[in-house]
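Letter by letter, the chains look like this.
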Amino acid sequence: MQPYVLVLFYSRSGSTRQLAEAIAQGIERQRGISARMRTVPPVSAESEQVGPDIPDEGVPYATLDDLRDCAALALGSPTRFGAMAAPLKYFLEQTTSLWLSGALIDKPATAFTSTASAHGGQEATLLNMLVPLLHHGMIYAGIPYSEAGLQSTDGGGTPYGASHVAGADNQRRVSEVERELARAQGERIARLALTLGRSQNAEEPSS
């Protein structure tokens, strides 16, 4: 089966989803690997699950198998007080079995986010999202300054990962600079996944 990068995100207003789509476009620029987009359900305030197991429309919900079998991970969330949104954190908290088995060790990972304001905690959120990935033994990759958009952006875009400034009413669409940085991030994580995959396969003893 062709390797894939899991683009796992949570989005309420659509801004984070737009970044996820751009990252997926960047992944698809690399031959020999594909993007698999998945989301997570909202966290219910009820003590019992009230939402459907399968969304009525849009991107399917992620499973642990999606995460275990990926060649790389791109993790996206809107900012919630300088941290990732609760639904995404809740999903990650269910990954203990993958941590125990070491399923994600040495796989590349990256993150992206969206905020309402320019100083709404984008970098804090990306660093917050990095923590569980490091606990899983993943190799984090941001956006290098060889990407010219990091120097010219007047909206989102950080070396820690792609980002977007949505505005107070969440109506500001992802700019072309923000979008191209996200594409570059997707392309880089796909390239790293292929390179690491080839290296690991070369190290495996032949039967």
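Analysis parameters
- Residues numbered from 1 in each chain as written.
- Predicted model: local features only at pLDDT ≥ 70, side-chain atom pairs only at ≥ 80, totals over all residues.
- Heavy atoms only, no water.
- Axes fitted to C-alpha atoms, helices over the stretch in contact; angles between N-to-C directions.
- Helix = DSSP H or I, 4+ residues; strand = E, 2+ residues; numbered from the N terminus.
- Parallel < 35°, antiparallel > 145°, perpendicular 65-115°, else oblique.
- Left-handed = near helix turned anticlockwise from the far one by under 90°.
- Contact = heavy atoms within 4.5 Å.
- Nonpolar A, V, L, I, M, F, W, Y, C, P; charged D, E, K, R; others polar.
- Buried < 20%, exposed > 50% of the residue type's maximum accessible area, 1.4 Å probe, protein only.
- Right-handed = clockwise from strand over helix to strand, strands pointing away.
- Pairing = 2+ DSSP bridges.

### What about the packing of helix α1 (residues 15-28) against helix α7 (residues 176-203)?
- It is the contact of α1 with α7, at a shortest axis distance of 6 Å, that shows an interaxial angle of 45°. By the angle class used here, α1 and α7 are oblique. Once α1 is placed against α7, the crossing between them reads as right-handed. Touching Gln18, Leu19, Ala22, Ile23, Gln25, Gly26 and Ile27 of α1 are Glu178, Arg179, Ala182, Arg183, Gln185, Gly186, Glu187, Ile189 and Ala190, all from α7.
- Classifying every residue of the contact of α1 with α7 gives 7 nonpolar, 5 polar and 4 charged.

### Comments concerning the pairing of strand β1 (residues 4-9)
- Counted residue by residue, β1 has 6 buried out of 6 residues, so it is predominantly covered.
- Of the two faces of β1, both are covered, the one formed by Tyr4, Leu6 and Leu8 as well as the one formed by Val5, Val7 and Phe9.
- Read as a crossover between parallel neighbours, the route from β1 over α1 to strand β2 (residues 34-39) is right-handed.
- Relative to strand β3 (residues 72-80), β1 runs parallel, the two sharing 5 bridges. Paired with Leu8 across the bridge in β3 is Leu75.

### Points about the side chain of Gln18
- If you trace the backbone, Gln18 turns up in helix α1.
- Setting aside its immediate chain neighbours within four residues, Gln18 contacts Arg173, Val174 and Arg179.

### Thoughts on unusual backbone geometry
- In this structure, Phe81 is a non-glycine residue whose phi angle is positive, near 55°.
- Topologically, Phe81 is positioned in the loop between β3 and β4 (83-84).
- In this structure Phe81 comes out as exposed when scored by relative accessible area, which is 87%.
- Positive phi values are uncommon outside glycine, yet Asp106 reaches one of about 70°.

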